[in-house]
Amino acid sequence: MTKEYMMQVFKMDKQVQKLSERLEYLKFQQTKPTSSQMGLGVQTSRNITSAQDLTIKVLEAEEALNKSIEQLTQLEWEIVQAYAPLSPRQKAIIIWRYICRLPWKEIAKRAKLSEM
């Protein structure tokens with residue numbers, strides 16, 4: 001169960017990062033001056049359509065990011081609830097193994113337990 005939770009968190013965190021980067025890129029694209037704004041005399045109707053398309057993409061990216069953040073928050077809450085009854089030592093062992101990715105030998109040493 002622990003490994004599955006941690007893998008889900010890792011995947012969702014990666015997804016949130018990708019969506020954040022995409023949103024940042026799209027917002028940058030929105031602020032870039034268009035050729036008509038630079039005085040190159042390109043048709044404005046095409047630029048308006050481009051700007052509208054870009055705005056829609058930004059809104060969609062924001063929605064996807066917010067949804068992913070909400071899912072990640074829910075998953076983190078589930079993890080907190082699932083591990084609430086564990087002792088501090090048990091929680092530390094889970095963190096060392098699945099977040100820090102320490103080998104069992106190192107975990108046993110830190111927890112002052114036998115490797116078995």
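Now for a quick tour of the structure. Starting from 1, residues in each chain are numbered consecutively following that chain's sequence as written. Selection of residues for local features in this predicted model requires a pLDDT of at least 70, selection of side-chain atom pairs for listing and counting requires 80 or more, and totals for whole chains, interfaces and linings are taken over all residues. Side-chain numbers come from the whole structure's heavy atoms, not from hydrogens or water.

Considerations on unusual backbone geometry
Not every positive phi belongs to a glycine, and Lys112 is a case in point at roughly 55 degrees. Positionally, Lys112 belongs in the segment after helix 4 (104-111). Numbering of helices and strands runs from the N terminus; a helix is a DSSP stretch of H or I covering at least four residues, while a strand is a stretch of E covering at least two.

Here's the deal with the nonpolar core
By nonpolar core is meant a set of buried Ala, Val, Leu, Ile, Met, Phe, Trp, Tyr and Cys residues that side-chain atoms within 4.5 Å join together. Partly exposed residues are those whose accessible area sits between 20% and 50% of the maximum for their type, while under 20% is buried and over 50% is exposed, using a 1.4 Å probe and protein chains only. By size, the foremost hydrophobic cluster in this structure holds 17 residues, and its most contacted members are Leu75 and Ile79. For this core, the secondary-structure elements that each account for two or more residues are helix 1 (2-31) and helix 2 (44-83). The contact criterion used throughout is that any non-hydrogen atoms of two residues lie within 4.5 Å. Residues within four places of Leu75 in sequence aside, it is in contact with Tyr5, Gln8, Val9 and Met12. Core analysis: the second largest hydrophobic core is formed by five residues, Trp96, Leu102, Ile107 and Ala111 among them.

A look at the pattern of salt bridges
Should a side-chain nitrogen of Lys or Arg be within 4 Å of a carboxyl oxygen of Asp or Glu, the pair is scored as a salt bridge. As enumerated under the stated definition, the model contains two salt bridges in all. Across the pair Glu106 and Arg110 runs a salt bridge whose closest N-O atoms are separated by 3.1 Å. In this pair, Glu106 and Arg110 both sit in helix 4, four residues apart, roughly one turn of the helix.

Some details on the environment of Lys67
As for its position among the elements, Lys67 is in helix 2. Note: C-alpha distance between Lys67 and Val16 (51 residues apart in sequence) is 9.3 Å.

Quick notes on the packing of helix 3 (residues 88-99) against helix 4
In the contact formed by helix 3 and helix 4, the axes pass within 10 Å of each other and the chain directions differ by 150 degrees. Classified by the angle between their axes, helix 3 and helix 4 sit roughly antiparallel to one another. Crossing of helix 3 against helix 4: the hand is right-handed. Residue-level contacts link Arg89, Ile93, Trp96 and Arg97 of helix 3 to Trp104, Ile107, Arg110 and Ala111 of helix 4. Here the axes come from fitting lines to C-alpha atoms, over the contacting stretch only for helices, and the angles between their N-to-C directions go from 0 to 180 degrees. Any angle from 65 to 115 degrees is called roughly perpendicular, while one under 35 is roughly parallel, one over 145 is roughly antiparallel, and all others are oblique. Each helix crossing is assigned a hand: it is left-handed if the near helix lies turned anticlockwise from the far helix by less than a right angle, otherwise right-handed if that turn is clockwise.

Description of the environment of Glu21
Its location among the elements puts Glu21 in helix 1. Judged by relative accessible area, which is 46%, Glu21 ranks as partly exposed. Through-space distance from the C-alpha of Glu21 to that of Ala61 is 9.9 Å; in sequence the pair is 40 residues apart.

Concerning helix 4
For helix 4, the set of buried residues is Ile107, Ala108 and Ala111. Viewed end-on, helix 4 has its buried residues packed into an arc of 100 degrees, placing them on one side of the element. Away from the buried face of helix 4 by more than 90 degrees, exposed residues Lys105 and Lys109 are located. In the stretch just after helix 4, Lys112 is the one whose phi turns positive, near 55 degrees. Directions are taken from the helix axis to each C-beta atom, and the arc is the one they span.

Without other data, these values stay purely geometric and don't point to any function.
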